[in-house]
Amino acid sequence: MLLSEKQPVHQLALAKEQLLSALHQYKTKPYLPIWGELFTALREFAKQGERLQENVLIYSVHPCGTLSYMYREKQFFIDLPEPGITITLTLEQLIDALLQGSFPPSPS
């Protein structure tokens, strides 16, 4: 039982690492195709959120805000508290936005 409880956390950590790595790679080498890597990583967050029946924080958005997966809505949710904006996007819309440079992760 303990292993199965830690497995989702491990899978989410790997998905976050893959997502952040792909975004960094795209920033330095925008000619490389990374759509599939982004799709795979973000889909893992969605699958885990739906399986666990809870919202999943993906990362903090620079300069302030969060990117999450909302399992009930089955959409990605960007909360930008400074201007007071919330945005919901499908998986494909989020990937397109990330490739355009929207919602960058906060530096670690």
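These notes cover the structure that comes with them. (Residues numbered from 1 in each chain as written. Predicted model: local features only at pLDDT ≥ 70, side-chain atom pairs only at ≥ 80, totals over all residues. Heavy atoms only, no water.)

Another point: the layout of surface pockets. Quantified by volume, the largest pocket comes out at close to 360 Å³. In terms of lining, the largest pocket is formed by 18 residues, of which the most central are L23, H24, K27, P104 and P105. Of the residues belonging to the lining of the largest pocket, the class tally is ten nonpolar, seven polar and one charged. (1 Å grid on protein atoms, 1.4 Å probe; cavity = no way out; pocket = protein on both sides within 12 Å on 5 of 7 lines; lining within 4 Å. Points joined across faces, edges and corners; volume = space filled by probe spheres on them. Nonpolar A, V, L, I, M, F, W, Y, C, P; charged D, E, K, R; others polar.)

Moving on to the nonpolar core. The nonpolar side chains of soluble globular proteins are, as a tendency, buried together. Within the largest apolar cluster, 28 residues are counted, with the highest numbers of intra-cluster contacts made by L19, L42, I58, F76, L94 and F103. Residue assignment for this core shows that the elements contributing at least two residues are α1 (2-28), α2 (35-52), β1 (56-60), β2 (66-70), β3 (75-80) and α3 (91-99). For I58, the contacting residues outside a window of four places in its chain are K16, L19, L42, F45, L67, S68, Y69 and F76. (Core = buried A, V, L, I, M, F, W, Y, C linked by side-chain atoms within 4.5 Å. Buried < 20%, exposed > 50% of the residue type's maximum accessible area, 1.4 Å probe, protein only. Helix = DSSP H or I, 4+ residues; strand = E, 2+ residues; numbered from the N terminus. Contact = heavy atoms within 4.5 Å.)

Before going further, it helps to examine the pairing of β2. Burial of β2 is extensive: four of the five residues sit out of reach of the surface. Remark: five residues form the turn of the hairpin made by β1 and β2, two consecutive strands paired antiparallel; G65 in that turn has positive phi of roughly 140 degrees. Taken together, the five bridges between β2 and β3 define a ladder with antiparallel strand orientation. For T66, the partnering residue across the bridge sits in β3 and is D79. Hairpin connection, β2 to β3: the antiparallel pair is bridged by four residues, and K74 has positive phi, about 55 degrees. (Pairing = 2+ DSSP bridges.)

With that settled, the discussion passes to unusual backbone geometry. Backbone torsion omega between H62 and P63 reads 0 degrees, so that peptide bond is classified as cis. In this fold, P63 is placed in the loop between β1 and β2. The backbone of Q53 shows a phi angle near 60 degrees, a positive value even though the residue is not glycine. Position of Q53 among the secondary structure elements: in the loop between α2 and β1. Of note in the backbone geometry, K74 takes a positive phi value of approximately 55 degrees without being a glycine. Here K74 lies in the loop between β2 and β3. Take K74: its relative accessible area is 56%, and that puts it in the exposed class.

In the structure shown here, the tally under the stated rule is one salt bridge. Among the ionic pairs, K47 bridges to E44, the shortest N-O distance being 3.9 Å. With a gap of three residues between them, K47 and E44 both fall in helix α2, about one helical turn apart. The partly exposed category is assigned to K47, whose relative accessible area is 42%. Note on E44: relative accessible area 18%, which makes it buried. (Salt bridge = Lys/Arg side-chain N within 4 Å of Asp/Glu carboxyl O.)

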